[in-house]
Amino acid sequence: MPSTFTGRAKASRSAQQPFCSGVAIAAWLVGAVSVMAVETDFERHIQPILEDRCWYCHGEGEQESGLRLDSRANLLRGGDSGIEAVVPGHPEKSYLIDAVTHADPDVAMPPDDDKLTDEEIELLTRWIDEGAVWPGQMDAVGEEKSDHWSFQPIVRPPVPGASDDGGASNPIDAFLLKSLRERGLTYAEAADPRALIRRVSVVLSGIAPTPEETERFLGVWEIDEEVAYQELVERLLASPHFGERWAQHWLDVIRWAETNGSESNLYRKNAWIYRDYVIRAFNEDKPYDQFLFEQIAGDTVEQGDATGYLVAGPHVPQATVGREPAARRQARADRLDEILQTIGASAMGVTIGCARCHNHKFDPISIRDYYAMAAVFEDIEFGSRFPEFGEEHPRKVRGKAINRQIRELRRELREKGPWIEDWTGYKELHFPTTDAEAVRLTFLRDNVRIDELEIFDAKVCSKNHALASAGAVASCSEEITPQRTPVEKINDGRYGSEVWSARVGKEYRGKGSQVRPWVQLTFPKTQSIGRIRISTNRSDYDETDYLDGLNKLAFEPFQVEVLSKAGEWTPLTATKEIKKRLQGDEQRIATLETLQGLIAQASEQGPKPSFIARFIPPAQTHILARGSPENPRDEVSAAGLSELDGELGLGAETPGKQRRREFARWLTRPTNPLTARVAANRIWHHVFGRGIVPTPSDFGAAGAPPSHPELLDWLASELVRPTVGRPWSIKRLVRMLVTSRAFRQSSRPSEAGLLADADAALLWRYPPKRVEAEVIRDSILRASGRLSSEVGGRSFRIHNVKQRYAQWEVSDNYGPETWRRMIYQERMRRVDDHLFTAFDFPDCGQVRAKRPVSTTPLQALNLMNSDFVLDQSRRIADRAAGEVAGEEALSIERCFELLLGRKPDAAEREASLALARKSGLAMVCRVLINSNEFAFLP
């Protein structure tokens, strides 16, 4: 409702015949006052106000801000803001009343010089309170279904009849050839087998084939082309490199990275276990509906590592936000928006974020839809937790095996008294079983910082008697300087949320003073204890890593006393005493070193706190006017898109897990037209380099239409069809695409094709494309023989250890520790890796459903002069020369085979020999790495 309303409305009334005379108006006003005690009549009291004061700008002829007030249905629906203008029975929730009373200065309608009278406002308020009765329009609801293609049900079309040339045995070819024939085109000739093996190897595994793999393929090809190709495809689909390749596509779309972004850009500790989940899911060919379900509600089905999907995007950490309540509310809203953007772009193909402040301008997504989806994820917060694993999960299996060894060593150590274990984020003090009414820790230092103190049962190792929820009461010494955080925080069960700190008062400090800070936990009854765990800021350790000064433990040395039933304090042990007793006990020292090694293994290979989201109690969700947390309006319940029957039947009290579980079921229903279409199109995009819908994450009106709509629907229906093999199988659909004639044709251009379809969207040839940054890098490593085949695990580092608010700097992006697939390189937001960022490797700040392809001088410079290429070129040259006993001409041939998968022709051999004699064989390798043949798929 813009401010131009007043002038235009005034002009309208002065230029037109008055609605009634001055006498009549006076009589009407008197009548209006007199009806305050009777039921409001629409035609007598309300219609004149709307017609005279509102309809010129909000009627049939014009709808400023998308708002119409000339029908009840439109009043109920509201305008572009997405907030109902009228909520029958609730004037306090009706935006119309806010506007006419000027409660919201930004939408004061009409403005001050033409504001409605108090009597008119009273009439409107009473009319709404009485149900907003509009005769003849009480059954109209104003709901309109979108006619946009992507929101329509998927209808499986018939496969076109076989073509005249017999090339439509694969349904994909039948659809494509039909479209080509209509334009007077057909497929190009079949691709050369050397080009074909390189193409399918890169598409399926992300690495060029080795010379040996190529020769084996060509040998079988000469006997039976179809057998050779089918066997090749099956081998690549079964390779663990398939998961690595296709996981990277998914990580691009969801903007996954291992830092937060924002000013601090902190490293997200153990976020990589989600990356490993994705790789494993693609390698196992996990059904796509299950894949999506687990990423939204994996904690409910013992796949807790999958929920890293929900917190894959950037966020501003709490320490950066500060303590100001409005800033915290805004930051929370921003974090929920990141979650919705991730799900909208990757799974639904819609720009859901456009409905955050108002109804979507182009698509049938209302602001109510946006906040109903936000309500689904109210229990999600960016952070770490221990993932929920089933008994068969590899980390659970490995963790159990290591813990059995740890328990054996602990039994051996317990015979000789107390010991200390360092778990990096915290320390554990173990001692023989002791009965205690209370436990007191006295710190032999002037200042102490503790986020949590835990005291565990001697037999039930997971039972923490120190918890306030278990009845334990925390207290502390009186001689400390008063602190902002109360001592009760040390046993509230929350790590790092608020750290209790203590400092001895100035009057008690100094040489000879015996005053020391202490804390005490008193149990409701005598407990049998055997272990104390203490930390300074454990969440700092669990959440992030690679910071100078991270997790400084500010509590050692300390001593422990226990209160017996007799009411006496008895010394139990002291950290200094434990270390002193170790001196000279070589066997115990060796046992402790072995134990610490196992602890390190458990932290690396078993279940551990990982950046996969933490859970919080769901808060109430309100529609936020103009997207501002300071303008909450109607409360909404968790739901999907109303356009696609997203009502889930949930209420405000529904637990977070159930909200996410029901939403995931709605999202993966075979009848949901977006999910299967988006998935099928994304697979097509990664096989052919361009989607049937060229905007893979925007299937809305602002996106591009499908080039082959019937083919897209056939693929979507085929993906979910339970009657053919495994429903929702990614590998089955990929197999169908790469075995089609469309995929196996040459990339050579034809004049007719270029004239009719220059970018080959109709696939009259296989569209040549530059390979991604990872393919270039990994193929170079494979050529040198240095590429590690290890799958999964912690990301390799290329950056420094930094101060909290410093910037990351590249320290080593080419040494031996980096010789793994590039998917395992740590993913840092807002950081140039000084090499492959130039090849459009994403910085994970924005959704990258398809990567841009640029051509810049920096690319050639990096492939000619970077430390990585210089080092690897020497290694490729050394390998080539070593494999042919140093024979010059054969060394040249071997370099071509290792990098290009073929031998040089006569001219190339002669030029390469001349270059090698002048500048060395490594220079020949650098030239080949810089060639278009190396960087492009044929």
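So, here's what we can say about the structure.

Definitions and limits used
- Residues numbered from 1 in each chain as written.
- Predicted model: local features only at pLDDT ≥ 70, side-chain atom pairs only at ≥ 80, totals over all residues.
- Heavy atoms only, no water.
- Phe/Tyr/Trp six-rings, centres within 6.5 Å; stacked < 30°, edge-to-face > 60°.
- Helix = DSSP H or I, 4+ residues; strand = E, 2+ residues; numbered from the N terminus.
- Buried < 20%, exposed > 50% of the residue type's maximum accessible area, 1.4 Å probe, protein only.
- Lys NZ or Arg CZ within 6 Å of the ring centre and 35° of its normal.
- Salt bridge = Lys/Arg side-chain N within 4 Å of Asp/Glu carboxyl O.
- Contact = heavy atoms within 4.5 Å.
- Lys, Arg positive; Asp, Glu negative; His and termini not counted.
- Polar contact = N/O pair within 3.5 Å; in protein donor to acceptor, adjacent residues only side chain to side chain.
- Axes fitted to C-alpha atoms, helices over the stretch in contact; angles between N-to-C directions.
- Parallel < 35°, antiparallel > 145°, perpendicular 65-115°, else oblique.
- Left-handed = near helix turned anticlockwise from the far one by under 90°.
- Nonpolar A, V, L, I, M, F, W, Y, C, P; charged D, E, K, R; others polar.
- Core = buried A, V, L, I, M, F, W, Y, C linked by side-chain atoms within 4.5 Å.

Our next topic: the packing of aromatic side chains. Counted by the stated rule, this structure contains 29 aromatic pairs. Consider the rings of Phe217 and Trp221, whose centres lie 5.4 Å apart with planes at 50°: the pair is tilted. Here Phe217 pairs with Trp221, and both are found in helix α9 (residues 211–223), just four residues apart, close to one helical turn. The class for Phe217 is buried, based on a relative accessible area of 6%. Among the aromatic residues, those joined into a cluster by ring pairs are Trp250, Tyr274, Tyr277, Phe282, Tyr288, Phe291, Tyr309 and Trp728. One Lys or Arg, Arg531, reaches over the ring of Phe456 and ends 4.1 Å from the middle of that ring.

Once their charged atoms are close, side chains differing in charge can pair, the charge on each being opposite to the other. In this structure the tally under the stated criterion is 66 salt bridges. Note that Arg368 and Asp634 form a salt bridge whose closest N and O atoms lie 3.2 Å from each other. With Arg368 in helix α16 (residues 367–376) and Asp634 in strand β15 (residues 632–636), the pair connects residues that are 266 residues apart, well separated along the chain. Notably, a salt bridge pairs Lys903 with Glu893, separated by 3.6 Å at the nearest N-O pair. Residue Lys903 is found in the loop between α30 (888–900) and α31 (906–919), and its partner Glu893 is found in helix α30; the two are separated by 10 residues along the sequence. Residue classification places Lys903 among the partly exposed residues on the basis of a relative accessible area of 45%. The structure contains a network of salt bridges with shared partners spanning Glu212, Arg879, Glu883, Glu893, Arg894, Glu897, Lys903 and Arg909.

For helix α32 (residues 921–929), the buried fraction is high: seven of the nine residues fall into the buried class. Of all the residues in α32, the buried ones are Leu921, Ala922, Val924, Cys925, Arg926, Leu928 and Ile929. Buried residues along α32 sit against α27 (773–784), α28 (857–865), α29 (867–883), α30, α31 and α33 (932–935).

On the secondary structure map, Asp451 appears in the loop between β5 (447–450) and β6 (452–457). For the buried residue Asp451, which engages in no salt bridge, the nearest side chain bearing the opposite charge is Arg538, 5.0 Å off. Of the polar contacts made by the side chain of Asp451, one reaches the side chain of Ser535; its length is 2.5 Å. A polar atom in the side chain of Asp451 sits 2.8 Å from the backbone nitrogen of Arg538. For Asp451, the contacting residues outside a window of four places in its chain are Lys489, Ile490, Arg494, Tyr495, Gly496, Glu498, Val499, Ser535, Thr536, Asn537, Arg538 and Ser539.

Contact geometry for helix α10 (residues 225–238) and helix α24 (residues 730–738): axes closest at 11 Å, N-to-C directions at 150°. Here α10 lies roughly antiparallel to α24, going by the angle between them. Like other packed secondary-structure pairs, α10 and α24 cross with a definite hand, here right-handed. Of the residues in α24, those in contact with Tyr229, Val233, Glu234, Leu237 and Ala238 of α10 are Lys731, Val734, Arg735 and Val738. Looking at the contact of α10 with α24 residue by residue, the classes come out as six nonpolar, no polar and three charged.

Core analysis: the largest hydrophobic core is formed by 166 residues, its most contacted members being Leu204 and Phe377. Here this core gets nine residues from one element, more than from any other, and that element is helix α22 (residues 673–688). Beyond its immediate sequence surroundings of up to four residues, Leu204 is in contact with Val233, Leu236, Leu237, His241, Phe242, Arg245, Trp246, Val734 and Val738. Core analysis: the next-biggest nonpolar cluster, separate from the first, contains 30 residues, Leu429, Val448, Phe523 and Phe558 among them.

From the geometry alone we can't say anything about function, so treat these as descriptive.
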